[in-house]
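# Descriptive analysis of the structure
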Amino acid sequence: MQSAQVLDVKNFMQLLLQSEAFDTYETVEAVIRTDMTYSIDGKLNRDFYSEDELSAMFPEDISFVTWQYAKPKVFDIIKGKRTPSYMKIVFKVNKAALDSVLNADNSSHNSNNIAGVYFNITFKEQILNVTCSVSYKNFTLDKNLELEIFSNFTTLLKSNNIAIN
């Protein structure tokens, strides 16, 4: 598990809510505490859509809605003059992006042996932290994949002038 504190909360939130930077991530869950607590389960309810709608909106191999779909709903909850007192968003890296990282890194890991790669974004007491973790199906001591994915994430933040610690 790798983590960092985001020092520039305002710019990070702009990147999160007003850009496409995270749109391909699957949204596992979002919890936002404002005047009340909102809890969003990102599990894709395939029965809600026709087959045509599903194929147009979501890739076949995802279990959760993408951030592109969830983002406007989350934005509607948090917009306003007051900052939420708490927020947690859990992203899962989609299989295509994971395969891309594995191929680029010449990793010894195979995506079939990985249950998921997750980013937890937590805002509490005016502090924003991002945590990256890899859930393996088999035990491994090799943390190179986790380090590579977290490095890619921090590079994204730095390229958008977002300071981390």
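Heads up: these notes are all about the structure in this document. (Residues numbered from 1 in each chain as written. Predicted model: local features only at pLDDT ≥ 70, side-chain atom pairs only at ≥ 80, totals over all residues. Heavy atoms only, no water.)

## A closer look at the pattern of salt bridges
Heads up, the condition is: For this analysis, a salt bridge means a side-chain nitrogen from Lys or Arg found within 4 Å of a carboxyl oxygen belonging to Asp or Glu. Only DSSP runs of H or I covering at least 4 residues are called helices, and only runs of E covering at least 2 are called strands; the numbering of each starts at the N terminus. Between buried and exposed lies partly exposed: a residue is buried under 20% and exposed over 50% of the maximum accessible area for its type, with that area taken using a 1.4 Å probe on protein chains only.
Scanning all chains against the criterion turns up 4 salt bridges. For the salt bridge of Glu29 with Lys88, the shortest nitrogen-to-oxygen distance reads 3.8 Å. Of this pair, Glu29 sits in strand β2 (residues 26-33) while Lys88 sits in strand β4 (residues 86-92), placing them 59 residues apart in sequence. For Lys88, a relative accessible area of 24% translates into the label partly exposed.

## Overview of the nonpolar core
Where we set the bar: To qualify as a nonpolar core, a set must consist of buried Ala, Val, Leu, Ile, Met, Phe, Trp, Tyr and Cys residues joined through side-chain atoms within 4.5 Å. Residue contacts are defined here by distance: any two heavy atoms, one from each residue, within 4.5 Å place the two residues in contact.
Residues Phe12, Leu16, Phe22, Trp67, Phe91, Phe119 and Leu145 are the most contacted members of the largest nonpolar core, which totals 44 residues. Residue contacts for Phe119: discarding those within four places in its chain leaves Tyr25, Ile89, Val90, Phe91, Val93, Val130, Thr131, Cys132, Ile149 and Phe153.

## Points about the environment of Gln2
Within the element layout of this structure, Gln2 appears in strand β1 (residues 2-6). The exposure class of Gln2 is partly exposed, given its relative accessible area of 23%. In this structure, Gln2 is in contact with Val130, Thr131, Cys132, Glu146, Leu147 and Phe150, ignoring residues within four places of it in sequence.

## A short note on the packing of helix α1 (residues 9-18) against helix α3 (residues 67-78)
Helices that pack against each other are described as a pair by the angle of their axes relative to one another and the distance between those axes. To keep it simple, the criterion reads: The axes are straight lines fitted to the C-alpha atoms, using for helices just the contacting stretch, and the angles between their N-to-C directions are given from 0 to 180°. Every angle not falling under 35 degrees, over 145, or within 65 to 115 is termed oblique; those three ranges are roughly parallel, roughly antiparallel and roughly perpendicular. In this count, Pro and Cys sit with the nonpolar residues alongside Ala, Val, Leu, Ile, Met, Phe, Trp and Tyr, while Asp, Glu, Lys and Arg are called charged and the others, Gly among them, polar.
Direction vectors running N to C along α1 and α3 enclose 125 degrees, while the axes themselves pass 9 Å from each other. The orientation of α1 relative to α3 falls into the category oblique. Residue-level inspection shows Met13, Leu16, Leu17 and Gln18 of α1 in contact with α3, the latter providing Trp67, Lys71, Val74, Phe75 and Ile78. A per-class count over the contact of α1 with α3 returns 7 nonpolar, 1 polar and 1 charged.

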